[in-house]
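# Examination of the molecular architecture
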Amino acid sequence: MLTNSEKQVFRKEIFCHLDGIAVAPIAYSLFKNKVTEYLLDNRDELSISTIASNLKANEGYLNVALRVISAQGWLDYHTQDGNVIIKTNSLSKPAFEHFKLYKDVVDLLEYSGKFHPRKFALEPFHKLEKLFKKYQNKFDIVFDKDTSIKKIQHQILKHIEGILVGPTTVHLGMGGMFHKYFMEASFSADEYHKHPESFDTILTFLSSLGWFSKSKSNYTFTNKGLFFAKRASAYGVTVSYIPMFRQIDELLFGNPKVLWESNLDKEIHVDREMNVWGSGGAHATYFKKIDEIIINLFNKPIDEQPKGILDMGCGNGAFLIHLFEVIASKTLRGKHLDDHPLFLVGADFNKAALKVTRANLIQADIWAKVIWGDISDPDLLQKDLKENYAIELSDLLSVRTFLDHNRVWSNPTSLIDSPSLSSGAFAYRGKRLSNDDVERNLKDHFKKWKPYIIKFGLIVIELHTISPELTSQNIGKTAATAYDATHGFSDQYILEIASFIKILKEVGLQSDPNYFSKFPSSDLATVSINYIIGK
């Protein structure tokens with residue numbers, strides 16, 4: 001059994017690995033394109049506009065990139081009267097000098113894009129093997145006597161380890177490697193892969209990290225290995241954005257619309273199947289908190305209850321299935337479903353997600369309508385429900401998970417009562433968005449939804465940012481760096497919890513304090529649960 005201190009150390013490794021998956025391609029692009037050199041040559045405070053103009057960079061995405069670097073402690077970053085100010089600090093030069101170490105793993109990320117996203121191909125194995133050896137030799141780093149520089153060197157090595165471990169762990173997890181068959185007994189490489197000699201290279205590397213013990217040609221999970229195997233999905237969301245990270249050079253210095261100009265009828269910036277798989281592991285924790293709200297609502301007298309539930313952004317249908325099962329088994333409404341059936345609606349912008357939701361609902365033997373919907377257009381959703389199903393959107397309880405920050409951008413029309421205090425970096429197709437405008441846009445968004453949620457409310461699980469200064473002081477304790485990178489470069493808008501709550505109040509809504517939760521329950525919170533009702 002692992003001790004609590006061992007678990008804490010391993011959790012820190014996961015967070016540092018996630019940092020690395022995001023930081024490595026960004027840092028190497030900034031190094032390769034001489035941004036780091038420019039910053040060291042101009043040590044005074046610089047506005048993001050000045051830097052972008054002089055380096056011919058896309059200001060919005062450059063802002064995201066430099067905020068990510070500052071979240072690692074290697075730059076000073078602050079907002080001031082709508083401007084963003086960047087300044088080097090005592091850690092900038094030694095950190096920047098080590099950015100060249102990221103080259104090999106960034107090359108691997110780009111090279112692996114040529115192969116099947118879900119299978120281990122033979123060619124990348126050979127590159128992996130060389131990288132494993134380089135990593136085990138610490139890339140021939142001569143560790144500095146200066147404690148702060150030595151810390152940077154270990155930080156960067158842990159980032160590199162993250163790129164070697166993260167995608168590998170996700171592929172193993174989605175491919176069934178972490179099945180009880182393998183976890184409860186010893187196994188050999190040829191039991192899992194058709195190229196056992198190459199696959200043995202990966203297992204040997206993971207053994208060197210303490211995940212397996214090896215006896216002749218057989219491997220057995222260690223307690224550390226079991227810890228990581230059971231948390232493989234923790235890597236899934238960040239790894240799912242690797243297709244986007246392969247385009248970092250283009251996003252920063254080329255066509256800022258490169259992710260959105262594909263003629264293919266699918267997302268090219270994210271592996272959505274992997275993203276859903278990765279997010280599913282964390283959702284179970286949040287679902288438990290929401291059960292309390294659902295049970296109280298559906299234990300009211302029947303005529304005071306919602307007629308059903310709308311899950312906007314239904315993904316794979318797991319949330320809708322969970323809510324139905326809670327209502328059916330733990331509430332007054334569950335005892336009267338024959339006379340008062342639940343009108344369930346799963347809506348999503350992604351047509352592939354709709355197919356998955358339909359299949360999962362059928363398998364769960366749950367009756368529901370599954371329709372296309374856009375979180376940015378509740379009026380259209382109301383029209384569809386009324387015309388096709390004779391039900392009002394306002395008669396349903398609205399729920400959604402990690403979606404409001406992914407609304408379609410539109411120029412804001414609302415005014416905000418006070419300037420934004422957010423430290424976030426936001427962009428739309430490469431253009432920098434002011435934090436005031438992001439809050440104004442969120443205000444427009446909730447104004448649209450207010451008529452439809454005022455009656456029965458809206459349950460929201462939402463993602464948030466924290467300041468880069470706070471992140472840098474808590475390396476290994478938060479995934480904020482990875483969240484800021486994945487969402488910043490894909491035009492999503494994660495505000496701090498305080499900014500989110502502030503805008504709700506300005507719209508005439510509130511997060512019911514009886515049900516509010518945040519994760520973790522500290523200043524490092526990057527997830528909140530809100531039951532949004534009228535004030």
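Within every chain, residues take consecutive numbers counted from 1 along the sequence as written. Two thresholds apply to this predicted model, a pLDDT of at least 70 for residue-level local features and 80 or more for giving and counting side-chain atom pairs, whereas whole-chain, interface and lining totals are computed over all residues. Side-chain calculation: all heavy atoms of the structure are included, whereas hydrogens and water are not.

Counting secondary structure elements, the protein chain contains 22 helices and 16 strands. Taken against the 2.2 N^0.38 rule, which gives 24 Å for 535 residues, the C-alpha radius of gyration of the protein chain at 24 Å falls within 12% of a compact globule. If one aligns the C-alpha atoms of the protein chain with their principal axes, the spans along those axes are about 70 × 60 × 45 Å. A burial count over the protein chain gives 56% of its 535 residues as buried. When checking whether two residues touch, look at their non-hydrogen atoms; a contact exists if any pair is within 4.5 Å. Across the protein chain, every contact between residues at least 6 apart in sequence was considered, and the portion connecting residues at least 24 apart equals 75%. Numbering of helices and strands starts at the N terminus; helices are DSSP runs of H or I of at least 4 residues and strands are runs of E of at least 2. Computation of the radius of gyration draws on C-alpha atoms alone. For the globule rule, the value is 2.2 Å times the number of residues to the power 0.38. The buried label goes to any residue with under 20% of its type's maximum accessible area, the exposed label to any with over 50%, and the partly exposed label to all in between, with areas taken from a 1.4 Å probe on protein chains only.

An order of β4-β6-β5 is seen for the 3 strands of this open sheet, with the pairing classed as antiparallel. This sheet does not close on itself; its edge strands, each paired only once, are β4 (187–188) and β5 (212–215). Think of it this way: DSSP has to see at least two bridges between two strands before they count as a pair. The sheet contact formed by β4 and strand β6 (residues 218–221) spans 2 bridges and is antiparallel. Bridge pairing in β6 places phenylalanine 187 opposite tyrosine 219.

Attention shifts here to the packing of aromatic side chains. Between rings of Phe, Tyr and Trp, where Trp is taken as its six-membered ring, a pair exists when centres lie within 6.5 Å; planes separated by under 30 degrees are stacked, by over 60 edge-to-face, and by other angles tilted. The full count for this structure, using the stated rule, is 26 aromatic pairs. Both rings, one in phenylalanine 132 and one in phenylalanine 205, keep their centres 4.0 Å apart while their planes meet at 5°; by these two values the pair is stacked. You can see phenylalanine 132 sitting in helix α7 (residues 122–136) and its partner phenylalanine 205 sitting in helix α10 (residues 196–208), a full 73 residues away along the chain. Each member of the pair, phenylalanine 132 as well as phenylalanine 205, carries the same accessibility label: buried. Pairing tyrosine 515 with tyrosine 531 gives two aromatic rings, centres 5.9 Å apart and planes at 75°, and the pair type is edge-to-face.

This next bit is on the environment of phenylalanine 319. Examined against the element boundaries, phenylalanine 319 turns out to sit in helix α16 (residues 318–330). Owing to a relative accessible area of 4%, phenylalanine 319 belongs among the buried residues under this scheme. On a C-alpha basis, the gap between phenylalanine 319 and proline 520 in space is 21 Å, while along the polypeptide they are 201 residues apart. Not counting residues up to four positions away in its chain, the partners in contact with phenylalanine 319 are Phe287, Ile290, Asp311, Val399, Arg400 and Thr401.

On to the pairing of strand β3 (residues 83–87), then. Relative to β3, strand β1 (residues 46–47) is paired through 2 bridges, and the arrangement is antiparallel. Residue pairing for β3: leucine 46 is matched across the bridge by isoleucine 86. Where strand β2 (residues 76–80) folds back onto β3 in an antiparallel hairpin, the turn is made up of 2 residues, including aspartate 81, whose phi is positive at roughly 50°.

Below, the discussion takes up the packing of helix α3 (residues 48–55) against helix α4 (residues 59–71). Angles here are taken between N-to-C directions and fall from 0 to 180 degrees, while the axes themselves are lines fitted to C-alpha atoms, restricted in helices to the stretch in contact. Their axes nearest at 9 Å, the elements α3 and α4 cross at an angle of 115°. For the pair α3 and α4, the sense of crossing is right-handed. Counted together, Ile48, Ser49, Ile51 and Ala52 of α3 and Glu59, Leu62, Asn63 and Leu66 of α4 form the full contact between these two elements. Should the near helix be turned counterclockwise from the far one by less than a right angle, the crossing is left-handed, whereas a clockwise turn marks it as right-handed.

So, on to the pattern of salt bridges. By convention in these notes, a salt bridge is any Lys or Arg side-chain nitrogen within 4 Å of a carboxyl oxygen on Asp or Glu. Under the definition given, this model contains 21 salt bridges. Note that lysine 34 and glutamate 37 form a salt bridge whose closest N and O atoms lie 4.0 Å from each other. Residue glutamate 387 pairs with lysine 383 through a salt bridge whose shortest N-O separation is 3.3 Å. Of this pair, glutamate 387 and lysine 383 both sit in helix α18 (residues 378–389), separated by 4 residues, roughly a single helical turn. Classification of lysine 383 as partly exposed rests on a relative accessible area of 47%.

On to the side chain of histidine 322. Structurally, histidine 322 can be placed in helix α16. Setting aside residues up to four positions removed in sequence, histidine 322 forms contacts with Phe287 and Asp291.

Take a negative patch on the surface next. Patch membership needs two things, relative accessible area over 30% and no salt bridge, and members are linked within 9 Å if like-charged or within 5 Å if nonpolar (Val, Leu, Ile, Met, Phe, Trp, Tyr). Values of accessible area rely on a 1.4 Å probe in the Shrake-Rupley scheme; residue burial ignores everything except the protein chains shown. Here Asp and Glu are counted as negative and Lys and Arg as positive; His is not counted, and neither are the chain ends. Working definition for charges: the position is that of NZ of Lys, CZ of Arg, CG of Asp or CD of Glu. Taken together, the side chains of Asp44, Glu45, Asp76 and Glu469 present a region of like negative charge at the surface. Here glutamate 469 shows up in helix α20 (residues 468–472).

Turning our attention to α16. Given a rise of 1.5 Å per residue, 13 residues ought to cover 18 Å, and the 18 Å separating the end C-alpha atoms of α16 matches this to within 8%. Of the residues making up α16, those classed as buried are Phe319, Leu320, Ile321, His322, Leu323, Val326 and Ile327. At its buried positions, α16 is contacted by α15 (272–297), β7 (308–312), β8 (343–348), α17 (351–363) and β10 (396–401). Each residue after the first adds 1.5 Å to the expected span of a helix.

What follows covers the environment of leucine 206. Within the secondary structure, leucine 206 sits in helix α10. A C-alpha to C-alpha distance of 54 Å links leucine 206 and aspartate 338, two positions 132 residues apart in sequence. In this structure, leucine 206 is in contact with Leu172, Trp211 and Phe212, ignoring residues within four places of it in sequence.

Taking strand neighbours across the sheet as the criterion, the 3 strands line up as β1-β3-β2 in an open arrangement whose pairing is antiparallel. Every other strand in the sheet has two partners, leaving β1 and β2 as the edge strands with one partner each. Lying on the sheet, α4 is in contact with β2 and β3; it crosses β2 at an angle near 125°.

This part is about a nonpolar patch on the surface. A cluster of nonpolar side chains, Phe349, Trp372 and Leu380, forms an exposed patch at the surface whose accessible area comes to about 300 Å². Looking at where tryptophan 372 falls in the secondary structure, it is placed in strand β9 (residues 369–372). Residue classification places tryptophan 372 among the partly exposed residues on the basis of a relative accessible area of 35%.

Further remarks concern the packing of α18 against helix α19 (residues 435–453). For any two helices packed against each other, the geometry is given by the interaxial angle and the distance between the axes. Viewed as axis vectors pointing N to C, α18 and α19 meet at an angle of 30°, and their least axial separation amounts to 9 Å. Contact residues: Pro378, Asp379, Leu381 and Gln382 in α18; Lys448, Trp449 and Tyr452 in α19. By the convention adopted, Pro, Cys, Tyr, Trp, Phe, Met, Ile, Leu, Val and Ala count as nonpolar, Lys, Arg, Asp and Glu as charged, and the other residues, Gly among them, as polar. Here the residues of the contact of α18 with α19 sort into 4 nonpolar, 1 polar and 2 charged.

A word on the pairing of β6. Side chains Tyr219 and Phe221 project from β6 onto a buried face, and the interleaved Asn218 and Thr220 project onto a face without burial. Relative to β6, β5 runs antiparallel, the two being bridged by 4 bridges. Looking at the pairing, phenylalanine 212 lines up with phenylalanine 221 of β6. The antiparallel pairing of β5 with β6 creates a hairpin that spans 2 residues between the two strands, and lysine 216 there sits at a positive phi of about 60°.

With that out of the way, let us pick up unusual backbone geometry. Most peptide bonds are trans, and most residues other than glycine sit at a negative phi. Here the bond from phenylalanine 519 into proline 520 is cis, since omega is -15°, no more than 30 degrees from zero. Relative to the elements of secondary structure, proline 520 occurs in the loop between β15 (517–519) and β16 (527–534). Of note, the phi angle at alanine 390 is positive, near 55°, even though the residue is not glycine. Among the secondary structure elements, alanine 390 is positioned in the loop between α18 and β10.

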